[in-house]
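As a plain string of letters, each chain reads:
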Amino acid sequence: MSVLTINGLEYRIDKDINLLEYLRDELQITSLKNGCGEGACGACMVIVNGKAQRACLLTTAKLNEKKILTVEGLAEREKEIYSWAFAEAGAVQCGFCIPGMVISAKALLDQKSNPTNKDIKEAIRGNICRCTGYVKIEQAILLAAQRLRGEISAQPLNKCGVGISVQRVDAVEKTLGTGQYVDDMYIEGMLYGAVLRTKFPRALVKKIDISAAKAAPGVEAVITAEDIPGQRYWGFIAKDWPALVAVGEETRYIGDAIALVAAKSKSLARQAADLIDVIYEELEPLTSPSEALTQGAYSIHPNGNLLSKTEIRRGDTKQALKKAAHVVSKRYTTPFSEHAFMEPESAVAVPEKEGCLTVYVGSQSVYEDQHGIMAILGLPADKVRVVSKLVGGGFGGKEDLSVQHHAALLAQKTGKPVKLTLSRQESILVHPKRHAMELELTTACDKDGMITAVIARIIADTGAYASLGPAVLQRACTHIAGPYAVANIDIEGLCVYTNNPPAGAFRGFGVTQAAFACELNMDFLAREAGISPWEMRYRNALEPGVVNATGQICDAGTAIKETLLAVKEEFENASYAGIACAMKNTGIGVGLSDISRVKLQVNNGKVTVLTSAACIGQGLATIVSQIVCETSGVPLNLIEVAAPDTWQTPDAGTTTASRQTLFTGEAARQAALALRKAVADKTLLELEGQVFYGEFLGSTDRLDSKKTNPISHVAYSYATHVVILNEKGKVKKVTAAHDVGKAINPKAIEGQIEGAIAMGLGYALKEDFPLKNSVPQVKYGTLGLFRSIDMPEIETIIIEKSPSELAYGAKGVGEIAAIPIAPAVASAYYNFDKQHRYDLPLKGTAYKK
């Protein structure tokens, strides 16, 4: 018997149980989160007798007669101060890590009421944030300390429109842990799901015996491929991914699902899944694109191992090479990388009346989830409702189905609610990664350093399934010439199936890899031409009226040169500095359907924004609220944003391609224009029940368009980053200048840039995803994610130059800040030690020997 005092209440526990499991599953104290289960992330931080500790590493027996505090147990004044401070600083994005950060902050401030910046970094070094880059979290803790000491007070903000750093509308609920993520849901009579996955990346499944599992205690359903009522294969671009692998089929990667179990508890479900007896014939996997493309290699899919090919050609590269004064040809490699979003995948499926099913998700598109579930379950749209809860980060990694369809199958089979949540290790094995790429790049220039030709050959390892691989490859090809004017282009890319984990969308969407090659070649050419890396970029940078690599004429808002000018002095005055530029499309583009929709509904004297656009941490609900406020004149406190819901909110497309601020922002502006006309004559109470609709369609041309100057994308963002090393070879400072069009919420933009820089630094210096015979050899704690103590100083420079009316001129910023960091770091290291580095993560640095 253990006696614990939790948030001031005494509990007697007659069994030894993991503290995190006890608090969340038995007491339903859900502010603390299960981010990794291995003591690496800090999302489950609690205070035990005054000290911050990770609940996932503790058991109730070891805590006998101890006092435990979670965010729920804070004094009301503390709750108000911490929620204000984190909101005011702009420290909250996806929010999943924030209650753990608050706990670490309280443990510090209880001991040191006036901490230094170093104290704060040390206090939260056990907490990982994948969104913010820690900068604004540290600022929030300083603000909280000042409030607690009585030195400052909260000041109301009297403005609310476009261009103002209003507090995020979801900041308080995320800070205090009252906002609900899927795994925080508990429903009476709910079952728990578990998935049996293959033991081998490639094996023939010869037999599946589920008899022992079906007979196990608490088990209510066991499902195999033959039980799927609809289409067993799904996918965005190719229907090549089986919901469950059938007897007689081969597995294609280590995350393939063989069978599903629903039981009365998580442990019973897992135990039953382990009782399923599968007989495999293990086969040799194809572990690389070169193996997969070898003549005679077995076909992973019926149409062979070459999934797609992208070609872009303009001008005459052969003649350009003959006339060039300088030619540089190099080969680069980039690895798979893990999104490492804080919230592991989770879904709750609930059977409703008349054969309907509601599935609660934390993904990047409720409508894509609905379409996949409908197909697999064999149900029409009016029988499948998908509702989003809060989303604990995505970065592209929550576009594909992972748990949604499996939870739905189990709920349909049992007629009961089913929750299915992946463990962190399962998440690492299952969801698609950033593509590993091999890039051979030739760049030529004349004697003055003007680029005359770009020739590229790219091979992308898309793993076992297509996911969004062809589109990722396409973006790599369209962006590998960089934000520069190049008349002669010859680019070819191959997207190749292997037995590695699938690769799909990841922040930067192929451009991250392409920019690494492009920008380092620019440095080589600058040295050949005898000019500075800054000057090389400035001479070739795109500007309004100039044609980019795909033939599109740059619009009046093109501001890459302005970003270069903003960092010129910083770059030239530093001893060990590297520089890199980037461009990134806003919107899906290339002739594909790309539309967003918004409804504004007046209810009880307030305006409710209805849109399916997912907020995955970028702050979309706040941005849309600001646009509606600015356009209609309705105050921010009278605007609410509903959760994405396929039965209530119109389809706004997936949160991907840095598109939502422009696309959904413009749809919201159009709806708000109609609302403005209505409120000119009537009050909101008089408009009760009325709905105002807006939409925006981004019209573009196909990549193979015969037009001389096709429109590939509705907009592009541009950026230049400078990375400065100290005398010991560690990153001292990053200066990031970004062309954002119009800053709807400047503080939110800063947070996006800072977080992307943290991710980019990890990609450049520490993060890796090693495979052994196609099996990942990592845990969350060994991924190499940057922590607070690793972060350098960050200076953000926002460039606003956009004559466009669309969403007040805003352009996407969610992806681009992650793109130029790796080449800028590599460039800085060359200036530090004169060593060329062609592979990520960079070797021979202070971070990775």
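These notes cover the structure that comes with them. (Residues numbered from 1 in each chain as written. Predicted model: local features only at pLDDT ≥ 70, side-chain atom pairs only at ≥ 80, totals over all residues. Heavy atoms only, no water.)

### Here we look at the overall build of the protein chain
Part 1: The helix and strand tally for the protein chain stands at 21 helices and 31 strands.
Part 2: Over its C-alpha trace the protein chain gives a radius of gyration of 26 Å, about what one expects of a compact globule, namely 29 Å for 849 residues.
Part 3: Over its C-alpha atoms, taken along the principal directions, the protein chain stretches across nearly 80 × 70 × 60 Å.
Part 4: Across the 849 residues in the protein chain, those meeting the buried criterion constitute 64%.
Part 5: Taking all contacts inside the protein chain whose residues are at least 6 apart in sequence as the whole, residues at least 24 apart take part in 79%.
Part 6: For the protein chain, the exposed area adds up to about 29,900 Å²; of that, 48% sits on carbon and sulfur atoms.
Part 7: Of the charged side chains in the protein chain, 92 are positive and 93 negative, and the gap between their average positions amounts to 2 Å. (Helix = DSSP H or I, 4+ residues; strand = E, 2+ residues; numbered from the N terminus. Rg over C-alpha atoms; globule rule 2.2 N^0.38 Å. Buried < 20%, exposed > 50% of the residue type's maximum accessible area, 1.4 Å probe, protein only. Contact = heavy atoms within 4.5 Å. Areas by Shrake-Rupley, 256 points an atom, 1.4 Å probe, with all protein chains shown as cover. Lys, Arg positive; Asp, Glu negative; His and termini not counted. Charge placed at Lys NZ, Arg CZ, Asp CG, Glu CD.)

### Overview of the state of the cysteines
Part 1: For the structure on display, the rule yields one disulfide.
Part 2: With its sulfur 2.4 Å from that of its partner, Cys160 forms a disulfide with Cys629. Of this pair, Cys160 sits in the loop between α5 (135-148) and α6 (171-176) while Cys629 sits in helix α18 (residues 620-632), and the two are 469 residues apart along the sequence. Accessibility classification places Cys160 together with Cys629 in one group, the buried group.
Part 3: Not part of a disulfide, Cys36 finds its nearest cysteine sulfur in Cys41, a span of 3.8 Å.
Part 4: In this structure Cys129 is a free cysteine whose sulfur lies 3.8 Å from that of Cys97, the closest cysteine sulfur available.
Part 5: Cys129 gets classed as buried once you look at its relative accessible area, which sits at 6%. (Disulfide = S-S within 2.5 Å.)

### Quick notes on the packing of helix α15 (residues 511-529) against helix α16 (residues 533-540)
Part 1: Relative orientation of the contacting elements α15 and α16 amounts to 110°, with a least axis distance of 9 Å. Viewed along their axes, α15 and α16 adopt a mutual orientation that is roughly perpendicular. Here Glu519, Met522, Asp523, Leu525 and Ala526 of α15 come into contact with α16, specifically with Pro533, Met536, Arg537 and Asn540.
Part 2: Grouping the amino acids of the contact of α15 with α16 by side-chain chemistry returns five nonpolar, one polar and three charged. (Axes fitted to C-alpha atoms, helices over the stretch in contact; angles between N-to-C directions. Parallel < 35°, antiparallel > 145°, perpendicular 65-115°, else oblique. Nonpolar A, V, L, I, M, F, W, Y, C, P; charged D, E, K, R; others polar.)

### Focus on the packing of aromatic side chains
Part 1: One pass over the full model with this rule turns up 15 aromatic pairs.
Part 2: Measuring from ring centre to ring centre gives 6.4 Å for Trp234 and Phe236, while their planes differ by 90°; the resulting arrangement is edge-to-face.
Part 3: Centre to centre, the rings of Tyr332 and Tyr838 are 5.8 Å apart; their planes meet at 50°, and the pair counts as tilted. With Tyr332 in strand β14 (residues 326-334) and Tyr838 in the segment after α21 (821-833), this pair connects stretches of sequence that are 506 residues apart.
Part 4: By relative accessible area, which is 0% here, Tyr332 ends up buried.
Part 5: On the basis of relative accessibility, which here comes to 23%, the residue Tyr838 falls in the partly exposed class.
Part 6: Taken together, Trp234, Phe236, Trp241, Tyr253 and Tyr465 form an aromatic cluster joined through their ring pairs.
Part 7: When the ring centre of Trp84 is taken as origin, the NZ or CZ atom of Arg147, which lies over that ring, is 5.0 Å away.
Part 8: In this structure, Arg202 is placed above the aromatic ring of Tyr298, and the distance from its NZ or CZ to the ring centre is 3.3 Å. (Phe/Tyr/Trp six-rings, centres within 6.5 Å; stacked < 30°, edge-to-face > 60°. Lys NZ or Arg CZ within 6 Å of the ring centre and 35° of its normal.)

### As for α16
Part 1: Burial in α16 covers these residues: Pro533, Trp534, Met536, Arg537 and Asn540. The buried residues of α16 occupy an angular sector of 165° when the element is viewed end-on, so they sit on one face.
Part 2: Among the structural elements, β19 (436-445), β20 (451-463), α15, α17 (560-573) and β22 (577-586) are those in contact with the buried residues of α16. (Arc of directions from axis to C-beta.)

### So, the pattern of salt bridges
Part 1: With the rule as written, the count across this model stands at 56 salt bridges.
Part 2: Between Lys33 and Asp184 there is a salt bridge, and its shortest N-O distance comes to 2.8 Å. Of this pair, Lys33 sits in the loop between α1 (19-26) and β3 (45-48) while Asp184 is found in the loop between α6 and β6 (191-197), placing the two residues 151 residues apart along the sequence. The same class applies to Lys33 as to Asp184, namely buried.
Part 3: Linking Arg537 and Asp523 is a salt bridge whose minimum nitrogen-to-oxygen distance equals 2.9 Å. Residue Arg537 is found in helix α16, and its partner Asp523 is found in helix α15; the two are separated by 14 residues along the sequence. Both residues of the pair, Arg537 and Asp523, belong to the buried class.
Part 4: Taken together, the shared-partner salt bridges in this structure form one network comprising Lys309, Glu311, Arg313, Arg457, Asp490 and Glu492. (Salt bridge = Lys/Arg side-chain N within 4 Å of Asp/Glu carboxyl O.)

### Section: the sheet that holds strand β28 (residues 731-739)
Part 1: In space, the four strands of this open sheet follow the order β22-β27-β28-β31, with mixed pairing throughout. Of all strands in the sheet, those bounded by a partner on one side alone are β22 and β31 (793-799). Put simply, the sheet's adjacent strands are angled 15° from each other on average, direction ignored.
Part 2: Pairing of β28 with β31, which is carried by seven bridges, proceeds in the parallel orientation. Across the sheet, the residue bridging to His738 is Ile798, located in β31. (Pairing = 2+ DSSP bridges.)

### Quick notes on the sheet that holds strand β21 (residues 488-497)
Part 1: Pairing within the open sheet is mixed, and its five strands lie in the order β13-β21-β20-β19-β14. Whereas interior strands pair on both sides, the edge strands pair on one side only; in this sheet they are β13 (306-314) and β14. Within this sheet the neighbouring strands show an average axis-to-axis angle of 5°, counted without direction.

### Quick notes on helix α14 (residues 469-479)
Part 1: In terms of burial, α14 is a largely internal element, 10 of the 11 residues being buried.
Part 2: Gly469, Pro470, Ala471, Val472, Leu473, Arg475, Ala476, Cys477, Thr478 and His479 are the residues of α14 that are buried.

### Description of the nonpolar core
Part 1: Counting 168 residues, the largest nonpolar core has Phe86, Ile137, Val723, Leu761, Leu765, Tyr780 and Val825 as the members making the most contacts within it.
Part 2: Looking at which element gives the most residues to this core, the answer is α15, with 12 residues.
Part 3: With 44 residues, the next largest nonpolar core counts Ile223, Ile254, Ala347 and Val386 among its residues. (Core = buried A, V, L, I, M, F, W, Y, C linked by side-chain atoms within 4.5 Å.)

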